[in-house]
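Spelled out, the chains give:
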Amino acid sequence: MRRLLAGSAAAMALCVGVTGCSRPIDGIPTANGAPEADTVAGLPASDGPSGRKPDAPEADLRVVGGTGGEIDTLAADTVVDVHEYWNTAYPETFDGSAFRPIGRLVSYDSRSTGREVCGQRLTGMVNAFYCPGSDTIAWDRGELLPKLRNTFGPIAPVTVLAHEIGHAVQHRAGLVDADTSTLVAEQQADCFAGAFFRHAAEGSAPHIRVSTGNGLNTVLGVLSYIRDAPGRTGFTDPRAHGTAFDRVSAFQYGFSDGPGRCAEMTEKSVTRRTTQFHFWKEKQESDLPVEADNILLVSRSLRKVFADTGVAPPTISIDSRSCPGAEGTEPVSYCAETNTVSVDMAGLRELAEPPTSGEKPSGYGDFAAYAQLASRYVLAVQQAAGLSLRGDAAGLRTACLVGAWSGLLVEDPIGRRNPVGKLRIAPGDVDEGVAALLGNDSLIAADVTGSQVPAGFARIEAFRIGFQQGMSPCASEYGN
Ligand SMILES: [Zn+2]
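All values derive from a computational prediction rather than experimental measurement.

Q: What is the right way to read the overall build of the chain from this model?
A: Across its full length, the chain holds 16 helices and 14 strands. A separation threshold of at least 6 residues defines the contact pool for the chain, and within that pool the share at least 24 residues apart is 72%. Counting only carbon and sulfur atoms, one obtains 49% of the accessible surface of the chain, whose full area is about 19100 Å².

Q: Looking at this structure, how should I read the state of the cysteines?
A: In a disulfide, the sulfur atoms of two cysteines are held together by a covalent bond. Taken as a whole and assessed by the stated rule, the structure comprises four disulfides. Residue Cys-191 pairs covalently with Cys-262 via a disulfide, S to S 2.1 Å. Classification of the bridge connecting Cys-191 and Cys-262 rests on its S-S torsion, roughly -80°, and on that basis the disulfide is left-handed. In this pair, Cys-191 is assigned in helix α5 (residues 182–201) and Cys-262 in helix α8 (residues 259–263), connecting sequence segments 71 residues apart. The disulfide partner of Cys-400 is Cys-474, and the gap between their sulfur atoms is 2.1 Å. The sign of the -80° torsion about the S-S bond sets the Cys-400-Cys-474 disulfide as left-handed. One end of the pair, Cys-400, is in helix α13 (residues 392–407); the other, Cys-474, is in helix α16 (residues 472–477), and 74 residues separate them in sequence. For Cys-400, a relative accessible area of 0% translates into the label buried. By relative accessible area, which is 2% here, Cys-474 ends up buried.

Q: Looking at this structure, how should I read the pairing of strand β5 (residues 104–108)?
A: Side-chain direction in a regular strand flips from residue to residue, so the side chains alternate between the two faces of the sheet. When you tally the buried positions in β5, you get four out of five residues, the bulk of the element. In the sheet, β5 pairs with strand β9 (residues 136–140) via five bridges, with the strands oriented parallel. Residue pairing for β9: Tyr-108 is matched across the bridge by Asp-140.

Q: For this particular structure, what's the right way to read the sheet that holds strand β13 (residues 340–343)?
A: The strands making up a sheet associate through hydrogen bonds between their backbones, and the pairing can be parallel or antiparallel. Strand order in this open sheet of three strands is β11-β13-β12, and the pairing throughout is mixed. Looking at which strands have only one partner, the edges of the open sheet turn out to be β11 (315–317) and β12 (332–335). Averaged over all neighbouring strand pairs, the angle between strand axes comes to 20°, with direction disregarded. Here four bridges tie β12 to β13, and the two strands are oriented antiparallel to one another. Pairing of Ser-333 across the sheet is with Ser-342, part of β13. Across the sheet, helix α12 (residues 366–384) is in contact with β11, β12 and β13; its angle to β12 comes to roughly 10°.

Q: Sorry if this is basic, but what is going on with the pattern of salt bridges here?
A: What the rule picks out here adds up to nine salt bridges. Arg-198 is the partner of Glu-202 in a salt bridge, and the nearest nitrogen-oxygen pair spans 2.9 Å. Judged by relative accessible area, which is 46%, Glu-202 ranks as partly exposed. Looking at Arg-198, the relative accessible area reads 18%, which means it is buried. In this structure, a network of salt bridges that share partners links the residues Arg-100, Asp-135 and Arg-172.

Q: How should I be thinking about helix α10 (residues 292–305) in this particular structure?
A: A turn of α-helix holds 3.6 residues, and therefore any two residues three or four places apart point the same way. An ideal rise of 1.5 Å per residue puts 20 Å on 14 residues; α10 measures up with 20 Å between its terminal C-alpha atoms. Among all positions of α10, only Asn-294, Ile-295, Leu-297, Val-298, Ser-299, Ser-301, Leu-302 and Val-305 are buried.

Q: Would you explain unusual backbone geometry in this entry?
A: Cis geometry marks the peptide bond from Glu-330 to Pro-331, where omega comes out at -5°. Structurally, Pro-331 is set in the loop between β11 and β12. Even without a glycine there, the phi angle at Cys-118 is positive, about 60°. As for its placement among the helices and strands, Cys-118 is situated in the loop between β6 (116–117) and β7 (120–121). Of the residues examined, Cys-118 reaches a relative accessible area of 24% and is grouped as partly exposed. Here the phi dihedral of Asp-135 falls at roughly 45°; this positive angle occurs in a residue that is not glycine.

Q: Sorry if this is basic, but what is going on with the pairing of strand β8 (residues 128–131) here?
A: Taking every second residue as pointing to the same face, both faces of β8 are buried, with Ala-128 and Tyr-130 on one and Phe-129 and Cys-131 on the other. Here four bridges tie β8 to β9, and the two strands are oriented antiparallel to one another. Each bridged residue has a counterpart across the sheet, and for Ala-128 the counterpart in β9 is Trp-139. As consecutive antiparallel partners, β8 and β9 are separated by four residues, and within that stretch Asp-135 has a phi angle of approximately 45°, a positive value.

Q: Help me out: how do you make sense of a positive patch on the surface in this one?
A: Together, Arg-3, Arg-300, Arg-303, Lys-304 and Lys-422 line one region of the surface with positive charge. The leading source of residues in the positive patch is α10, at three residues. Looking at the secondary structure, you find Arg-300 in helix α10.

Q: Any chance you could explain the packing of α5 against helix α7 (residues 244–257) here in plain terms?
A: Helix-helix packing is described using two parameters, namely the angle between the two axes and the distance between the axes. Two elements in contact, α5 and α7, have axes separated by 6 Å at closest approach and are oriented at 45°. Taken as axis vectors, α5 and α7 run oblique relative to one another. Between α5 and α7 lies a crossing whose hand is right-handed. Of the residues in α7, those touching α5 at Gln-187, Asp-190, Cys-191, Ala-193, Gly-194, Ala-195, Phe-197, Arg-198 and Ala-201 are Asp-246, Arg-247, Ala-250, Phe-251, Tyr-253, Gly-254, Phe-255 and Ser-256. Considering only residue class, the contact of α5 with α7 consists of nine nonpolar, four polar and four charged.

Rules behind the numbers
- Residues numbered from 1 in each chain as written.
- Predicted model: local features only at pLDDT ≥ 70, side-chain atom pairs only at ≥ 80, totals over all residues.
- Heavy atoms only, no water.
- Helix = DSSP H or I, 4+ residues; strand = E, 2+ residues; numbered from the N terminus.
- Contact = heavy atoms within 4.5 Å.
- Areas by Shrake-Rupley, 256 points an atom, 1.4 Å probe, with all protein chains shown as cover.
- Disulfide = S-S within 2.5 Å.
- Buried < 20%, exposed > 50% of the residue type's maximum accessible area, 1.4 Å probe, protein only.
- Pairing = 2+ DSSP bridges.
- Axes fitted to C-alpha atoms, helices over the stretch in contact; angles between N-to-C directions.
- Salt bridge = Lys/Arg side-chain N within 4 Å of Asp/Glu carboxyl O.
- Expected span 1.5 Å × (residues − 1).
- Patch = residues over 30% accessible without salt bridge, like charges linked within 9 Å, V, L, I, M, F, W, Y side chains within 5 Å.
- Lys, Arg positive; Asp, Glu negative; His and termini not counted.
- Charge placed at Lys NZ, Arg CZ, Asp CG, Glu CD.
- Parallel < 35°, antiparallel > 145°, perpendicular 65-115°, else oblique.
- Left-handed = near helix turned anticlockwise from the far one by under 90°.
- Nonpolar A, V, L, I, M, F, W, Y, C, P; charged D, E, K, R; others polar.

Interpretation note: all reported values are geometric properties and have no functional meaning in isolation.
Here you go:
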């Protein structure tokens, strides 16, 4: 997230007329019928343990270099369950052909090994990847998988491996070749992973379980956090990936509609619905530190975006936190009685910390922090419209309106809307917002009491509708 500086208008003008500078968007993915806050593609959303079932028998699987430690056991059990899923799903999807298990599984420690896979030395490769040439899946048990597990929980390595086997399925089914773009290959692998997770969420996987509430929310969070490119570049390459929106949508397709839907993904269909609109820069250019001046800047931007809604702009307070008869939320709170948004600067700063891998993330990044402020601001908008501030509908409207605000902060907003004010966001910012949205401590899809919409699927969809279509659907889609 950054503040526009003097030179940027000129730089923006350079972009005009450059082919492919911005791409048309259509085919916004939404679920059929009214979005459900408490179900996930027909399954009731409920929290519960996710990862390896504690009483599951250890899988009997040959893993080259495996140590039989906790991570390797989780990885092997995952591979066995995903294999088993494809044993049935593959012939159903691909004209009765049998699924061939992954030829070779390699566990390595990126901190020490001298081993080679795919003609590449694994030392220092903090990664997990599929190598089509030798039909190998390799994972770093030393650094990457433990990091992901420590950060997100045991379902994170499962997500990574289900995605990598998704690449193997692509190759087996002849869905990818040298001309396939990374965008399509990645999203299709996410989609195949989604299909497996449906199977696990229904309780049908022998070793792996995932809850439809916080479990799947974590899986979606992992997708929005990890990026990879096909083949050897693997999960840690920040280049060539869809936005968090794209990846999560692809996963949702697989989860909701099954692997047949994934097999239909083509260059054209992915490009059509993808959110690869023009951003100011490829990557995060600068952060907007949480300071009083920047709070003011963000407030002005909100005021401008929602000026036509008839809302009396709420007072933004960074010191007073009292609200008669209400408890308030952290780190930002909306008091309906006084129409005040109170900000706890220290708490917001913590959220604005850039996400770190390895340790428990303290924050999601600057945009995620300011999106919390936006989420409380848009409660004032809802209040002015006579809408309820409590319950799932309020949480979904909040996510939708925060999405609408965010969609106006890109340099070249989609739907021919005009960019507003002096704030701009980069793709990394949207990814931060999506990651925060899926966290269990975020206000972006929460009502005035801080109660979050249970299903991450619904949170994402509401945010996306606002982001892509603006604020008008927010009230009509999510009525009281
Ligand atoms: Zn991949």
